[in-house]
Structures are given as structure tokens and as C-alpha cells.
Amino acid sequence: MLEAIIAILDIKIFVFMILGTMGGIIAGALPGFSATMAVALIVPFTFTMDPVIGLATLGAIYTGAIYGGCYSAILVNTPGTPSSIGTTFDGYPMTKNGRGEEALHTATFASAGGGIVGVLVLIFLSIPLAKIALKFGPPEYFWMGIFGLTIIATLSSKSILKGVAGGVFGLLVSMVGVAPIGGDVRFTMGITQFQGGVEILSVLIGFFCIPEMLRIAGDLDQNKLEDVKVEKQTGVIKKALLNTFQKPMNFIKSSIIGAFVGVLPGAGGNIANLVAYNEAQRSSDDPDSFGTGNPAGVVATESSNNATVGASMVPLLTLGIPGSPTAAILYGALMIQGLRPGPELFTTNSHITYGFMFALLIAQFLILIIGLGVGKSLYTAVTLIPERVLVPSVLLLTILGSYAIRNNVMDVIVMFVSGLIAYTLKEFGFQAGPIVLGLILGPIAEKGFVQGYLMGKASGESLMIFFTRPISIVLILITIISASWPLIRIIKEKKRKGAEIS
């Protein structure tokens, strides 16, 4: 570790990391331009670099991109990356209430703090956590998917029935294309481009961005975003700091959730931020304030999704199993540098491995410095842009972002159709959150169930394999508690009101 610290204290590495962090933030803020794409684009430029410098640069880009997604989520209600879905729930309402700068700074503190927790987990707990991750088989992933779907009850507090209907719609959309097990072609309507499934980023952009742009375009009488109160704010950084750390349990729990989910191969920040948001609302003294501009919601989502960055490196570096799509790109970068993920990294090449870990730690402080420096300027710029400029500019970015994912015009069409569907459903009281949740968790639950069933059938256990494994039992109990919590909350609320009346 000492050798790694000495190696990382190089001005050249710092310059590349600063550039990488800034580039990652810009990439993350652009709708449709994911962290995976940003890292993949830069990998070829790291071939000739020293391994520590190259990996440090890629780590900074990854960190910056995950954090950068909060900018578009907070300012224009569009998650820049799938990891920022939950940030739109309270971040954008804060912007509409004139607290956008506070929301951005809150996200910055939460992101940096959560990122630090994730990297510390990577440095000190890699080996034991990797062993736990290996115990997760298809039955465990199935129950993890089911547990995630119970969050629908939290995201649809106004009407659970509409929330469940939205979740089912999302599940159906996730089934478009070739089945992950068996290879059956489903719901493609004869369109060959749908055989690869519906691109989730295109749907995300459509569901969160297009309805908001249509709403703004519907009233062009004002020169600023409708409902946004641009006022001079004082002590914003102090407020953001208090939002994040004054009640530390929310931040700690969310960071731990992010780290745990990040360790599980194939999960990632898009699940972690929704699970953390659900837990923050469930344990809050004022759950009804979530979705109206509660900073605790921003803290939960941003600390959790950034904690996954370091944690997703645990299975990659220790077992050679990428914990996220971006980690898979980094796997290739390691191989190109002649480094084989696994125990060898911690013995023969330990100075490079720990150098990379410490670089990830430094990157968290860089996003804190850069984020606090540019947050106010970005907020001011967006709120002062006339609607006639903002709407077409954002729409142009959504088109470019959707097309750039797979260089496929069909993804742009899917994005616009998703936006129109979301706009229509919103008029009838359906929220985007449950639909997107079903879309994300559907493939995880389906793949886990089919593979688990085949495993059970082969061993003679059939469906009992889902109910007999220790981790599955724990996940079932957590799922039952999560699903029944809204009912428990209603009963507690009635008892409290009854006590007040008496």
C-alpha cells in the first residue's frame, strides 16, 4: 500500500485524473451518454500509458460519469445515467422550488461521501465480500429482483394499484426481444430491430425527459422554466452539508446499500439508488415529503449509486468477475495492460492494484472540488435559458444520446414513443418510477427464476430450491417486510391520528 501511495503521488497522474473527472462529469450529464460509453471511448487512448496512469484515468472517468448524471436529473428531470433515476424524484422538485443549487451541492457531498465508502470497502473488504458474492446464484438473484419490485409500493404512494399496473407494463416491455434463457423471440411485432430488446437508456430518456419538455413547451409565455423560482441564495453549501450529514443514518445506510449491491455482479447503481430511496422513505419521520423536494431523497440516491463504483471493482479485481457493465470494460483494459484479474493482482502486481484503488479514492475528492465549483454556474445557466432555446436544445441532446447508444435509429423512435406514452399516462395519474423499475428488474428476476427452476429440476428440488437456501430465506423475509411496509405505515398513521383526536 505504501508503494502504491508513493506511485500515485505523481503530478502527471493528477493532471490525467482531473481531465478524466471533468470529462466523466460532462459525459454523465448528457442524456443517453452512459458511464460505460465514456470509459469505452477512452480505453484505446490508455494502451500506451503506464498501467497506473491509464487505470487511474479510467477510474476518474467512471466516477465522474456516475456523479455527472445528477446534473440533468436535478436540472431538467432527465437521468443522465440509469444510476440517477431516483435523483429525479426529489432533485427536480427542489429545482422547481428554487433550490436547484442546494440540490446540486447536496448531490455533490452525498456522491463524494458515498464514493469514499465504496472505495474503502474495496480496499479493506475485497476478499470476504467476494466470497459472499460467489454464494449468490440464480435463486438469490430472483428474490433480489422480487424485493426490488416491492419498491413499487413506495414509488406509487398515491395509488398502489396504478403503481402495480405501471410495474407490470415495465415488465412486459422488458420482455421484448429474444428470451435470455431458451432463445424464444417475444413481442417484437415482426420488427427485426426489437430482437435485441428495447434499449433501456432510450426508454429512460423518453419517460423522464420528453414529458417534461412537452410540459414546458406547452406554456411559452414565460422566459424561464415554469414554476422555477430563481432567487438569490445564501449559505447553500452549508445547507447542502447539513442535508447530507446532519442526520447521518440516511447517508450511512444508503452508502452501505450501494456498496452491497455494487459487489453483486450484474446489479449496479440503477438498482442501488432505487433500493436506497425506498429505504430512506420507509425509515423517514415524514415519508409524504418524498417526491416533493426532500433533500434526503437526493442524499440516498446519490450516495448509494456512487458507492457502487468502488464496490463493483471487488468481484472484478478479486475474482475476475465484472460487477457492472463499466467494470467489464475495465476488465478489458486490465487485460490489455497484461494484468489478469484475480489473486495475481494482489501479489505480483499489488502496487498497480492498490494504486488504482487509491486513485479511485482521490477521484471522490476531485468530484467534490469540481462539483462545488461548477454547481452554481450550471444552475444559474439552466434557469436563465429561455424556454424557446432550452426545449429544442434538450431534445437535440436526447436524439443524439439515444442514437449514439447503438447507432440505431429505432432507439430514437423508441425514445419518442416512450415519451408520448409517459406523457399520456402521467395525465391519468401513472408515474414513471414503477414502470422503469419493472423494466430494469424484469430481466434479473426472469433470468434468475428460469435458471433457478432448471437447477432445481436437475437436482430433484424443483421449485423448493427458491425456499431452502439461506440467503434466499433472508431475501424472502426482507421482501415480505418491504411489501407490507405501506400497510404498516397506514395502520401506524391511523393509530397516531386516533391518539391525537382522543
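What counts, and where the lines are drawn
Residues numbered from 1 in each chain as written. Predicted model: local features only at pLDDT ≥ 70, side-chain atom pairs only at ≥ 80, totals over all residues. Heavy atoms only, no water. Helix = DSSP H or I, 4+ residues; strand = E, 2+ residues; numbered from the N terminus. Rg over C-alpha atoms; globule rule 2.2 N^0.38 Å. Buried < 20%, exposed > 50% of the residue type's maximum accessible area, 1.4 Å probe, protein only. Contact = heavy atoms within 4.5 Å. Areas by Shrake-Rupley, 256 points an atom, 1.4 Å probe, with all protein chains shown as cover. Lys, Arg positive; Asp, Glu negative; His and termini not counted. Charge placed at Lys NZ, Arg CZ, Asp CG, Glu CD. Phe/Tyr/Trp six-rings, centres within 6.5 Å; stacked < 30°, edge-to-face > 60°. Polar contact = N/O pair within 3.5 Å; in protein donor to acceptor, adjacent residues only side chain to side chain. Salt bridge = Lys/Arg side-chain N within 4 Å of Asp/Glu carboxyl O. Core = buried A, V, L, I, M, F, W, Y, C linked by side-chain atoms within 4.5 Å. Expected span 1.5 Å × (residues − 1). Axes fitted to C-alpha atoms, helices over the stretch in contact; angles between N-to-C directions. Parallel < 35°, antiparallel > 145°, perpendicular 65-115°, else oblique. Left-handed = near helix turned anticlockwise from the far one by under 90°. Nonpolar A, V, L, I, M, F, W, Y, C, P; charged D, E, K, R; others polar. pLDDT = per-residue confidence, 0-100.

(A) The arrangement of the overall build of the protein in detail. The helix and strand tally for the protein stands at 23 helices and 2 strands. Relative to the globule expectation of 23 Å for 502 residues, the C-alpha radius of gyration of the protein, 22 Å, shows essentially globular dimensions. Each of the 502 residues in the protein was classed as buried or not, and the buried ones make up 56%. Residue pairs at least 24 apart in sequence account for 78% of intrachain contacts in the protein once pairs closer than 6 positions are excluded. Here the protein displays about 21100 Å² of accessible surface, and carbon together with sulfur accounts for 69% of that area. Between the centroid of the 31 positive side chains of the protein and the centroid of its 28 negative side chains there is a distance of 5 Å.

(B) Expanded view of the packing of aromatic side chains. Here the structure, examined in full by the defined rule, presents 10 aromatic pairs. Pairing Tyr 67 with Tyr 71 gives two aromatic rings, centres 5.4 Å apart and planes at 80 degrees, and the pair type is edge-to-face. Taken together, the positions of Tyr 67 and Tyr 71, both in helix H4 (residues 51–76) and 4 residues apart, correspond to about one turn of that helix. Tyr 71 matches Tyr 67 in its accessibility class, with the two residues each being buried. With 6.5 Å between their ring centres and 15 degrees between their planes, Phe 449 and Tyr 453 make a pair best called stacked.

(C) Representation of the side chain of Asn 306. Take Asn 306: it is sitting in helix H15 (residues 295–311). Given a relative accessible area of 1%, Asn 306 falls into the buried group. In terms of polar contacts, Asn 306 uses its side chain to reach the side chain of Ser 111, at 3.1 Å. A distance of 2.6 Å separates a polar atom in the side chain of Asn 306 from a polar atom in the side chain of Asn 305. For Asn 306, the contacting residues outside a window of four places in its chain are Thr 63, Ile 66, Tyr 67, Ser 111, Gly 114, Gly 115 and Ile 367.

(D) Structural context of the pattern of salt bridges. Within this structure, the stated rule accounts for 5 salt bridges. A salt bridge links Arg 99 to Glu 102; the shortest N-O distance between them is 3.1 Å. Looking at Glu 102, the relative accessible area reads 5%, which means it is buried. For Arg 186, the salt bridge goes to Glu 446, with nearest N and O atoms at 2.6 Å.

(E) Inspection of the environment of Phe 47 at higher detail. Mapping Phe 47 onto the fold places it in the loop between helix H3 (35–42) and H4. For the pair Phe 47 and Leu 334, spaced 287 residues apart in the sequence, the C-alpha separation amounts to 10.0 Å. With sequence-adjacent residues up to four places away left out, Phe 47 is seen in contact with Ile 336 and Gln 337.

(F) How the structure looks around the side chain of Asn 250. Mapped onto the elements, Asn 250 comes out in helix H13 (residues 248–263). Each residue touching Asn 250, except ones within four places of it in the same chain, is listed here: Ala 280, Ala 296, Val 299 and Ala 300.

(G) Expanded view of the nonpolar core. Counting 51 residues, the largest nonpolar core has Met 17, Tyr 62, Met 313, Leu 317 and Leu 330 as its most contacted members. Leaving out residues up to four positions away in the same chain, Met 313 has contacts with Tyr 62, Leu 122, Ala 327, Leu 330, Phe 356 and Leu 360. Ile 85, Phe 142, Met 144 and Ile 435 belong to the second largest nonpolar core, which has 50 residues in total.

(H) Focus on helix H10 (residues 200–208). In terms of residue burial, H10 counts as a mostly covered element, since 8 of its 9 residues are buried. All of the buried residues in H10 are Leu 201, Ser 202, Val 203, Leu 204, Ile 205, Gly 206, Phe 207 and Phe 208. Here the buried face of H10 lies against helix H5 (87–96), helix H9 (160–174), helix H11 (210–217), helix H19 (387–406), helix H20 (409–427) and helix H21 (432–459).

(I) Fine view of H15. Here H15 is 17 residues long and its end C-alpha atoms lie 24 Å apart, about the 24 Å a rise of 1.5 Å per residue gives. Most of H15 is tucked away, with 17 of its 17 residues classed as buried.

(J) Representation of the packing of H4 against H15 within the structure. The N-to-C vectors of H4 and H15 enclose an angle of 165 degrees; their axes lie 9 Å apart at closest approach. Classified by the interaxial angle, the pair formed by H4 and H15 is roughly antiparallel. In this structure, the crossing between H4 and H15 has a hand that is right-handed. In this structure, H4 uses Tyr 62, Thr 63, Ile 66, Tyr 67 and Cys 70 to contact H15, whose residues at the interface are Glu 302, Asn 305, Asn 306 and Val 309. Split into classes, the residues belonging to the contact of H4 with H15 amount to 5 nonpolar, 3 polar and 1 charged.

(K) Molecular detail of the confidence of the model for the protein. Averaged over all residues, the pLDDT of the protein is 82; the fraction at 70 or higher stands at 91%. Of all the helices and strands in the protein, helix H8 (residues 152–155) carries the lowest mean pLDDT, 67, while H15 carries the highest, 92. This model gives residues 222–230 a pLDDT under 50, and the stretch forms 30 contacts once residues within four places in sequence are excluded.

(L) Broad picture of the packing of helix H7 (residues 138–149) against H21. Two numbers describe how H7 lies on H21: the axes approach to 7 Å, and their chain directions differ by 150 degrees. In terms of orientation, H7 and H21 fall into the roughly antiparallel class. For the pair H7 and H21, the sense of crossing is left-handed. In contact with Pro 138, Pro 139, Tyr 141, Phe 142, Gly 145, Gly 148 and Leu 149 of H7, H21 contributes Leu 437, Gly 438, Leu 441, Ile 444, Ala 445, Gly 448, Phe 449, Gln 451, Gly 452 and Met 455. Per-class residue counts for the contact of H7 with H21 are 11 nonpolar, 6 polar and no charged.

(M) Spatial organisation of unusual backbone geometry. Non-glycine residue Phe 187 carries a positive phi angle of around 55 degrees. Topologically, Phe 187 is positioned in the loop between strand S2 (185–186) and H10. If you check the backbone angles, Met 189 has positive phi at about 55 degrees while not being a glycine. Tracing the sequence through the fold places Met 189 in the loop between S2 and H10. Take Met 189: its relative accessible area is 67%, and that puts it in the exposed class.

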